[in-house]
Amino acid sequence: MRVKASGTDEFWIRHGFRGGVSEALETFASFLAATQPVVAAEPERELTEPENRLLDEGGFPMPQLDGQGSVGIEVSTLAVSYAEMCAQALTTKEAALMLQVQPSRIRQRLGEKTLFGIEKEDHWVLPRFQFDNSQIVAGIGKVLQVLDETLHPVTVERFFATPQPELYADEVGRDLTPREWLQAGYDPAPVVRLARDL
């Protein structure tokens, strides 16, 4: 039996969750399952000020603890980023249509780890950072293959969007993000090295 979409369902459908509230809740549950519990740092193991500044500049700000040692604000920010990524991601069928291949080829590449996917209960979604217009970002498969499988999907997305000093491009006079580096046709090897260290 199919229940008519409520106003709340319509809100989530407008924001990319085709299954309404139930899909939004499933996405949030997947996020919670993929997220390690966050514990307060031990004072003797805290990072130095330069290390904190470097992380902050790279898009990974130091969590601000509340009075109970919780980082709820940062976790909810991460949850929103994850939900947005999943909502904007392509299904296997959509990716196949865009790349003009059969869905089985997309599943094969997911198995080979040359495409990055998030497994839902009964399907996969493919975040958009690995696509450039209607193609796969050149060389990204080599990078994806060396990533630690335990990395959170938002960490992977942020890695590809964060400028790296090791990826300085004389032609544009600045550090490039791994995604920009690959899009510009540079050798993927330095990005592969960075990805191994994540």
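Residues numbered from 1 in each chain as written. Predicted model: local features only at pLDDT ≥ 70, side-chain atom pairs only at ≥ 80, totals over all residues. Heavy atoms only, no water.

### Structural notes on the overall build of the chain
Keep this limit in mind: In this text, helices come from DSSP runs of H or I with a minimum length of four residues, and strands from runs of E with a minimum of two, each type numbered from the N-terminal end. Three exposure classes are used, based on accessible area relative to the maximum for each residue type with a 1.4 Å probe and protein chains only: buried under 20%, partly exposed in between, and exposed over 50%. Only heavy atoms enter the contact rule, under which two residues are in contact if any of them lie within 4.5 Å. We get accessible surface area from the Shrake-Rupley algorithm with a probe of 1.4 Å; when it comes to residues, only the shown protein chains can shield them.
Within the chain one finds 10 helices and 7 strands. Across the 198 residues that make up the chain, the buried fraction comes to 35%. Here the analysis covers contacts within the chain between residues at least 6 apart in sequence; of these, 54% occur between residues at least 24 apart. Here the chain displays about 12,600 Å² of accessible surface, and carbon together with sulfur accounts for 52% of that area.

### Structural notes on the pattern of salt bridges
Oppositely charged side chains can form a pair if their charged atoms are brought close together. What counts here: One speaks of a salt bridge when a side-chain nitrogen belonging to Lys or Arg is within 4 Å of a carboxyl oxygen belonging to Asp or Glu.
For the structure on display, the rule yields 3 salt bridges. Close ionic contact of Lys 113 with Glu 149 constitutes a salt bridge, the shortest N to O distance being 3.8 Å. Residue Lys 113 is found in the loop between α6 (103-112) and β2 (118-119), and its partner Glu 149 is found in the loop between α7 (140-144) and α8 (153-161); the two are separated by 36 residues along the sequence. The exposure class assigned to Lys 113 is partly exposed, which follows from its relative accessible area of 34%. Residue Glu 149 is classed as exposed on the basis of its relative accessible area of 65%. The salt bridge partner of Arg 174 is Glu 180, with a shortest N-O separation of 3.1 Å. Classification of Arg 174 as partly exposed rests on a relative accessible area of 38%.

### Some remarks on the confidence of the model for the chain
We apply this condition: Confidence of the prediction at every residue is given by pLDDT, a number between 0 and 100.
Looking at the chain, the pLDDT average stands at 81 and 68% of residues meet or exceed 70. Here residues 1-6 scores under 50 on pLDDT; set against residues more than four positions off or in separate chains, the count is 3 contacts. Under a pLDDT of 50 for its full length, residues 38-45 has, in the predicted model, 5 contacts with residues more than four places off or in other chains.

### What about the environment of Glu 84?
Inspection of the secondary structure puts Glu 84 in helix α4 (residues 72-88). A relative accessible area of 44% places Glu 84 in the partly exposed class.

### Brief notes about helix α10 (residues 189-196)
Along α10, the positions that sit buried rather than exposed are Pro 190, Val 191, Val 192, Leu 194 and Ala 195. Residues of α10 that are buried in the fold lie against α7, α8 and α9 (178-183).

### Quick look at the sheet that holds β2
Cut-off, in case you're wondering: By this definition, two strands are paired if DSSP reports at least two bridges between them.
Taken in spatial order, the 3 strands of this open sheet run β1-β3-β2, and their pairing is antiparallel. Taken across any chain shown, the strands that pair with only one partner, and hence form the sheet edges, are β1 (90-91) and β2. Bridge count between β2 and strand β3 (residues 124-126): 2 bridges; the pairing is antiparallel. Bridge assignment links Glu 119 to a residue of β3, and that residue is Trp 124.

### What about the nonpolar core?
Put simply, the rule is: Joining through side-chain atoms within 4.5 Å is the link that ties buried Ala, Val, Leu, Ile, Met, Phe, Trp, Tyr and Cys residues into a set, and such a set is a nonpolar core.
By size, the foremost hydrophobic cluster in this structure holds 38 residues, and its most contacted members are Ile 106, Phe 131, Ile 140, Val 143, Phe 160 and Leu 182. Of all the elements in the fold, those that place two or more residues in this core are α4, α5 (92-99), α6, β3, α7, α8, α9 and α10. Setting aside its immediate chain neighbours within four residues, Val 143 contacts Phe 159, Phe 160, Leu 182, Val 191, Val 192 and Ala 195.

### Topic: unusual backbone geometry
In this structure, Gln 100 is a non-glycine residue whose phi angle is positive, near 60°. With respect to the helices and strands, the residue Gln 100 is situated in the loop between α5 and α6.

### Overview of the packing of aromatic side chains
For clarity, the cut-off: Here a Phe, Tyr or Trp ring, Trp counted by its six-membered ring, pairs with any other such ring whose centre lies within 6.5 Å, and the pair is stacked when the planes are under 30 degrees apart, edge-to-face when over 60, and tilted otherwise.
Taken as a whole and judged by the stated rule, the model has 4 aromatic pairs. Aromatic side chains Phe 159 and Phe 160 sit 5.1 Å apart centroid to centroid with 70° between the ring planes, which places their arrangement in the edge-to-face category. For Phe 160, a relative accessible area of 1% corresponds to the buried category. With a centroid separation of 4.2 Å and 25° between ring planes, the pair formed by Trp 181 and Tyr 186 is classed as stacked. For Tyr 186, a relative accessible area of 25% puts it in the partly exposed group. Ring pairs connect the aromatic residues Phe 116, Phe 129, Phe 159 and Phe 160, which therefore count as one cluster.

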